[in-house]
Amino acid sequence: TGDTSDCLLPTPVNLDHLMKDEVVTAISAGHDHSLAVTAGGKVLSWGRNQSGQLGQGDSYMDMYSMEDLPRPVEVPDLPSGHKIVSVCAGNSRSLCVSDQGDVWLWGARLSHQPSKVDRDVAFKGQKVLKAVIGGDSSKSAIFFLLESGALYVQGDMSSDLLGRSGLGRLGKVSVPEPIPFFNNMQVVDVFAGCGQHVFARVKAQQ
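Now for a look at the structure at hand. (Residues numbered from 1 in each chain as written. Predicted model: local features only at pLDDT ≥ 70, side-chain atom pairs only at ≥ 80, totals over all residues. Heavy atoms only, no water.)

The helix and strand inventory of the protein stands at one helix and 14 strands. Relative to the 2.2 N^0.38 estimate, which gives 17 Å for 206 residues, the radius of gyration of the protein is 17 Å and therefore close to what a compact globule would have. In the protein, which comprises 206 residues, the proportion classed as buried is 42%. Intrachain contacts of the protein at a sequence separation of at least 6 include 42% that bridge at least 24 residues. (Helix = DSSP H or I, 4+ residues; strand = E, 2+ residues; numbered from the N terminus. Rg over C-alpha atoms; globule rule 2.2 N^0.38 Å. Buried < 20%, exposed > 50% of the residue type's maximum accessible area, 1.4 Å probe, protein only. Contact = heavy atoms within 4.5 Å.)

Structure follows, in structure tokens:
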């Protein structure tokens, strides 16, 4: 809204400075920032930006960096005719997914701007239907639901969110890997929060 004081009642967010005759179709509220996507495929971000989670290439990554009003995010390497359809805001990081199953990640003090995930390397060419972020800024995981029903994860081993035991408490899974528990199942949805928890729904066995 442009006002940084507490808001005790639901208040419309004014987008008149950004667009006309376009509606917001998806939103996501993170720990201290928010994202939205419009029917035309534009990504908007606002809130704090201490870790680059707003995706604004001309911004700074420090505790004083923030955007009071929604601002468009430039998504590089988005092919002509493709558009963003969903977003997820986590704790200090963000992502978006296109209608063609590609994913972009940014934030976590690694990148100011969205960076496209190589689908061939990460998912053997499969499309991503949904991606969500779980955990806090230092113990996080990102989950990818693929068109085949497989559920992939990457993140910090210390998060306890990677869906397997015996990995130890140090290090990371840097490249997305399938979660073995779901090998013989078809995952149909996945949800995660800024706490240390994740929920996956699978297709009922016939």
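Turning next to the sheet that holds strand β1 (residues 24–29). Spatial ordering of the open sheet is given by β1-β2-β3-β4, a layout of four strands whose pairing is antiparallel. The sheet is open, and its two borders are formed by β1 and β4 (66–73), each paired with just one other strand. If you compare each strand with its neighbour and ignore which way they point, the axes differ by 15° on average. Summarising the sheet, β1 and strand β2 (residues 33–38) pair through five bridges and their orientation is antiparallel. Paired with Ala-29 across the two strands is Ser-34, which belongs to β2. (Pairing = 2+ DSSP bridges. Axes fitted to C-alpha atoms, helices over the stretch in contact; angles between N-to-C directions.)

With that settled, consider unusual backbone geometry. Despite not being glycine, Asp-77 shows a phi value in the positive range, around 60°. Relative to the assigned elements, Asp-77 resides in the loop between β4 and β5 (84–89). The class for Asp-77 is exposed, based on a relative accessible area of 57%. Residues other than glycine seldom take positive phi values, yet Lys-124 does so here, at roughly 55°. Relative to the elements of secondary structure, Lys-124 occurs in the loop between α1 (119–123) and β9 (128–135).

Glancing now at the packing of aromatic side chains. Ring pairs (aromatic) are described by centroid distance and by the angle formed between their planes. Using the criterion set out here, one finds four aromatic pairs in the structure. Considering the side-chain rings of Phe-181 and Phe-182, the 5.1 Å spacing of their centres and the 85° angle between planes classify their relative orientation as edge-to-face. Using a relative accessible area of 15% as the deciding quantity, one classes Phe-182 as buried. The positively charged end of Lys-130 is found above the aromatic ring belonging to Phe-191, 4.1 Å away from the centroid. (Phe/Tyr/Trp six-rings, centres within 6.5 Å; stacked < 30°, edge-to-face > 60°. Lys NZ or Arg CZ within 6 Å of the ring centre and 35° of its normal.)

A surface patch of nonpolar side chains, amounting to about 260 Å² of accessible area, comprises Phe-181, Met-185 and Val-202. By secondary structure assignment, the location of Phe-181 is in the loop between β12 (172–178) and β13 (187–192). (Patch = residues over 30% accessible without salt bridge, like charges linked within 9 Å, V, L, I, M, F, W, Y side chains within 5 Å. Areas by Shrake-Rupley, 256 points an atom, 1.4 Å probe, with all protein chains shown as cover. Salt bridge = Lys/Arg side-chain N within 4 Å of Asp/Glu carboxyl O.)

Moving on, we come to the state of the cysteines. Scanning the entire structure with this criterion turns up zero disulfides. Its sulfur unpaired, Cys-96 is 11 Å from the next cysteine sulfur, which belongs to Cys-88. For Cys-96, a relative accessible area of 0% corresponds to the buried category. (Disulfide = S-S within 2.5 Å.)

Okay, the nonpolar core next. Ranked by internal contacts, the top residues of the largest apolar core, which has 29 residues, are Leu-95, Val-103, Phe-123, Phe-143, Phe-144 and Leu-151. For this core, the secondary-structure elements that each account for two or more residues are β6 (93–98), β7 (103–107), α1, β9, β10 (140–146), β11 (151–156) and β13. Ranked by the residues each element gives to this core, the list is headed by β10, at six residues. In contact with Phe-123, not counting residues within four places along its chain, are Val-117, Val-128, Phe-144, Leu-146, Tyr-152 and Pro-176. Ranked by size, the runner-up nonpolar core spans 12 residues in total, among them Val-75, Val-87, Ala-89 and Trp-104. (Core = buried A, V, L, I, M, F, W, Y, C linked by side-chain atoms within 4.5 Å.)

None of this, on its own, says anything about what the molecule does.
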